[in-house]
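Chains, contacts and geometry: an overview
Okay, here's what each chain looks like letter by letter:
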Amino acid sequence: MDRRYRFTYSAAMANAVQFRQILNAKIVGEPTGGNPYSYQDLEQFHLPNSKLIVTYSKHLFRFQEKNTLGMQPDVLITPKWENYRKGVDEVMDWVHKDLNKTNTPDKK
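In this report, we go over the structure that sits alongside the text. Please read these numbers as outputs of a predicted model, since none were measured by experiment.

With respect to the element layout, Thr-68 can be found in the loop between strand S3 (53-62) and strand S4 (75-76). Since its relative accessible area comes to 17%, Thr-68 is described here as buried. At a separation of 2.7 Å, a polar atom in the side chain of Thr-68 contacts the main-chain carbonyl oxygen of Gly-70. Ignoring any residue separated from it by four or fewer positions in sequence, one finds Thr-68 in contact with Asn-35 and Pro-36.

Structure (structure tokens):
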């Protein structure tokens, strides 16, 4: 699978960061495409003579202390094409196993 098409940007990235911070969520999968320390909130205008559209980001958001290449997951899982073809979702499989592990009563 081509990594270019699997990035998560903007609100989805911000939600993931906030889930980690506020809810102590464990983030599983791949790094996001959006940077948690970056300019966001897109605006645009038209240049009057050329009619070109100019877009720009108007706010600097600092969802984390340092600048990274996207939000890094707690558990890095990169999907494999063969699993995708078979209908296997590695991330959901990991989540199910982790939930079963934490919800299983201790055997003494």
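Our next topic: the side chain of Glu-90. Its place among the elements puts Glu-90 in helix H3 (residues 90-103). In this structure Glu-90 is buried but unpaired, with Lys-80 as the nearest side chain of opposite charge at 4.4 Å. Side-chain polar atoms of Glu-90 contact the side chain of Asn-83, separated by 3.0 Å.

Moving on: the pattern of salt bridges. The full count for this structure, using the stated rule, is five salt bridges. Put simply, Arg-20 and Asp-74 hold a salt bridge, and the shortest N to O gap is 3.3 Å. With a gap of 54 residues between them, Arg-20 in helix H1 (residues 10-23) and Asp-74 in the loop between S3 and S4 connect regions that are remote in the sequence. A residue is classified by how much of its surface remains accessible, and Arg-20, at 23% relative accessible area, is partly exposed. The partly exposed category is assigned to Asp-74, whose relative accessible area is 44%. The residue Lys-58 makes a salt bridge to Glu-43 at a minimum N-O spacing of 2.7 Å. One end of the pair, Lys-58, is in strand S3; the other, Glu-43, is in strand S2 (residues 37-46), with 15 residues separating them in the sequence. Assessed through its relative accessible area of 39%, Lys-58 is described here as partly exposed. When salt bridges with common partners are traced through the structure, they connect Lys-26, Asp-98 and Lys-101 into a single cluster.

Another aspect to go through is the nonpolar core. By size, the foremost hydrophobic cluster in this structure holds seven residues: Met-13, Ala-14, Ala-16, Val-17, Ile-27, Phe-63 and Met-71. Discounting residues that sit within four places of it in the chain, Met-71 has contacts with Ala-16, Val-17, Arg-20, Ile-27, Pro-31, Thr-32, Gly-34 and Pro-36.

To continue, consider the environment of Thr-78. By the secondary structure assignment, Thr-78 is in the loop between S4 and helix H2 (81-86). Judged by its relative accessible area of 41%, Thr-78 is partly exposed. For the pair Thr-78 and Gly-29, spaced 49 residues apart in sequence, the C-alpha separation works out to 6.5 Å.

Counted according to the given criterion, the structure contains three aromatic pairs. Relative to Phe-63, the ring of Phe-61 lies with its centre 5.6 Å away and its plane at 5 degrees, an arrangement referred to as stacked. Taking the relative accessible area as the measure of exposure, Phe-61 reaches 28% and is therefore partly exposed.

This brings us to unusual backbone geometry. Negative phi characterises most residues that are not glycine, and trans characterises most peptide bonds. For Asn-24, which is not a glycine, the phi torsion comes out positive at approximately 60 degrees. Tracing the backbone through its elements, the reader meets Asn-24 in the loop between H1 and strand S1 (28-29). Looking at Asn-24, the relative accessible area reads 70%, which means it is exposed.

Thresholds, definitions, all that
- Throughout this document, residue positions are counted from 1 along each chain, in the order its sequence is written.
- Owing to the predicted nature of the model, reporting of local features is limited to residues with pLDDT of at least 70; listing and counting of side-chain atom pairs is limited to 80 or more, with chain, interface and lining totals taken over all residues.
- Note that water and hydrogens are dropped before the side-chain values are worked out from all heavy atoms of the structure.
- Runs of E in the DSSP output that reach at least two residues are strands. Runs of H or I that reach at least four are helices, and both are numbered from the N terminus.
- Each residue gets one of three labels from its accessible area relative to the maximum for its type: buried under 20%, exposed over 50%, partly exposed in between, using a 1.4 Å probe on protein chains only.
- Polar contacts, as counted here, are pairs of nitrogen or oxygen atoms within 3.5 Å of one another; within protein the pair requires one atom able to donate a hydrogen and one able to accept it, and residues that are adjacent in sequence qualify only if both atoms are side-chain atoms.
- The contact criterion used throughout is that any non-hydrogen atoms of two residues lie within 4.5 Å.
- Under this rule, positive means Lys or Arg and negative means Asp or Glu; His and the chain ends count for nothing.
- Within this document, salt bridges are pairs made up of a side-chain nitrogen of Lys or Arg and a carboxyl oxygen of Asp or Glu, the two lying within 4 Å of each other.
- Nonpolar cores are built from buried Ala, Val, Leu, Ile, Met, Phe, Trp, Tyr and Cys residues. Side-chain atoms within 4.5 Å join them into one set.
- Working definition: rings of Phe, Tyr and Trp (its six-membered ring) pair if their centres are within 6.5 Å, and the pair is stacked with planes under 30 degrees apart, edge-to-face with planes over 60 apart, and tilted otherwise.

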